[in-house]
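# Fold and geometry: a report
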Amino acid sequence: MTVPVSVNANLPAHAWAAWSPCSPSCVSHAADRLPAPRIARRYAAFSRAIMSALLRGERIGDPEALRSTAAAMLDALDIRLEVAGDRTLGAPGGTGTLVVANHISWLDIIALLAVEPVVMLAKREVGTWPVVGPLTKRAGTMFIDRGSLRQLPGSVREMAERLRSGQSVMVFPQGVTWCAGTGGSFRRATFQAALDAGAPVRPVSLDYVQHGAPTTVAAFVGEDDFGTSLRRVVSATGLTVRVHTHPPLLPARGTDDRRTLAARAQATVCGAQPSAHG
């Protein structure tokens, strides 16, 4: 089984590639750690949740099965999910919705699937990750090689087709993870899919707290690896992932291009969060 490193462990593949200065040194607990016996029980509960998900086979692609599986994984880790705003990611209308969120952790994917399963756009390596990989594959995730600019136009076309067909698509426009979730600029290319399909954009803000205090313990950054990140999460007390869904942005015909739409989305997503590290 391949053990992943985080999304920005390597230098940018090209001049336009996303990059973050965050490293594991940014990551720390904001509260006392769980005692060893309770950590062992969490590992056991999480293992059972994973096994249950794998035993569902292809049935896990059913939206309700996927949502309940993601919720069970959060429960096993004793992570509370709080949703502010609409409790759905898709917006009403004749198309799907382009859902865009800031990116902090591998837990972001599980939390968003627990709110509402949508098609995820993820880097190719995510499909090889333990835990998250099998879930994302069976959920119909679109995978992209972030180091290849030549793949991008085809991915944008496929996203637009899915949006036109009524499917909602979830992307992390920062391209990499940040410990506070608000750094970097939103990459514009995926917003072209919303413009081409005439689809709304749903901005979503993610953040993590421990006992109500901001924390970086869930962050998966720099040269972090999945096992180390999981150990931090399993030992964290009072951890909550907060999902704030904002009103959808409707592309303004004749005035919005992908640059302005990305800027509007970033202002909405990151304006609700604390200042970024770095």
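Residues numbered from 1 in each chain as written. Predicted model: local features only at pLDDT ≥ 70, side-chain atom pairs only at ≥ 80, totals over all residues. Heavy atoms only, no water.

## Digging into the overall build of the chain
A count of helices and strands for the chain gives 8 helices and 8 strands. Taking as baseline every contact in the chain between residues at least 6 positions apart, the subset at least 24 positions apart corresponds to 80%. Only carbon and sulfur atoms are counted for the fraction: they give 53% of the accessible area of the chain, which is about 12,300 Å². (Helix = DSSP H or I, 4+ residues; strand = E, 2+ residues; numbered from the N terminus. Contact = heavy atoms within 4.5 Å. Areas by Shrake-Rupley, 256 points an atom, 1.4 Å probe, with all protein chains shown as cover.)

## A closer look at helix α2 (residues 63-76)
The first and last C-alpha atoms of α2 sit 20 Å apart over 14 residues, in line with the 20 Å expected at 1.5 Å per residue. Looking at the residues trailing α2, positive phi occurs at Asp78, about 60 degrees. (Expected span 1.5 Å × (residues − 1).)

## Observations concerning the packing of aromatic side chains
Evaluation of the coordinates by the stated rule reveals 1 aromatic pair. Ring geometry for Trp106 against Phe226: centres 4.8 Å apart, planes inclined by 55 degrees, an arrangement best described as tilted. Of this pair, Trp106 sits in the loop between β2 (98-101) and α3 (107-115) while Phe226 sits in helix α7 (residues 226-235), and the two are 120 residues apart along the sequence. Taken as a pair, Trp106 and Phe226 share a single burial class, namely buried. (Phe/Tyr/Trp six-rings, centres within 6.5 Å; stacked < 30°, edge-to-face > 60°. Buried < 20%, exposed > 50% of the residue type's maximum accessible area, 1.4 Å probe, protein only.)

## Examining unusual backbone geometry
One non-glycine residue, Asp78, lies in the positive phi region at around 60 degrees. For Asp78, the position within the fold is in the loop between α2 and β1 (80-84). Judged by relative accessible area, which is 44%, Asp78 ranks as partly exposed. One non-glycine residue with positive phi stands out, namely His211, at about 50 degrees. As for its placement among the helices and strands, His211 is situated in the loop between β6 (201-210) and β7 (213-214). A relative accessible area of 57% places His211 in the exposed class.

## What about helix α6 (residues 189-197)?
An α-helical segment advances 3.6 residues per turn. Residues three or four places apart therefore align on the same side. Along α6, the residues that are buried comprise Ala189, Thr190, Phe191, Ala193, Ala194 and Ala197. On the buried face of α6, the contacting elements are β2, β3 (119-123), α5 (152-164), β5 (169-171), β6 and α8 (258-271). Where α6 terminates, the next one or two residues include Gly198, which has phi positive at roughly 65 degrees.

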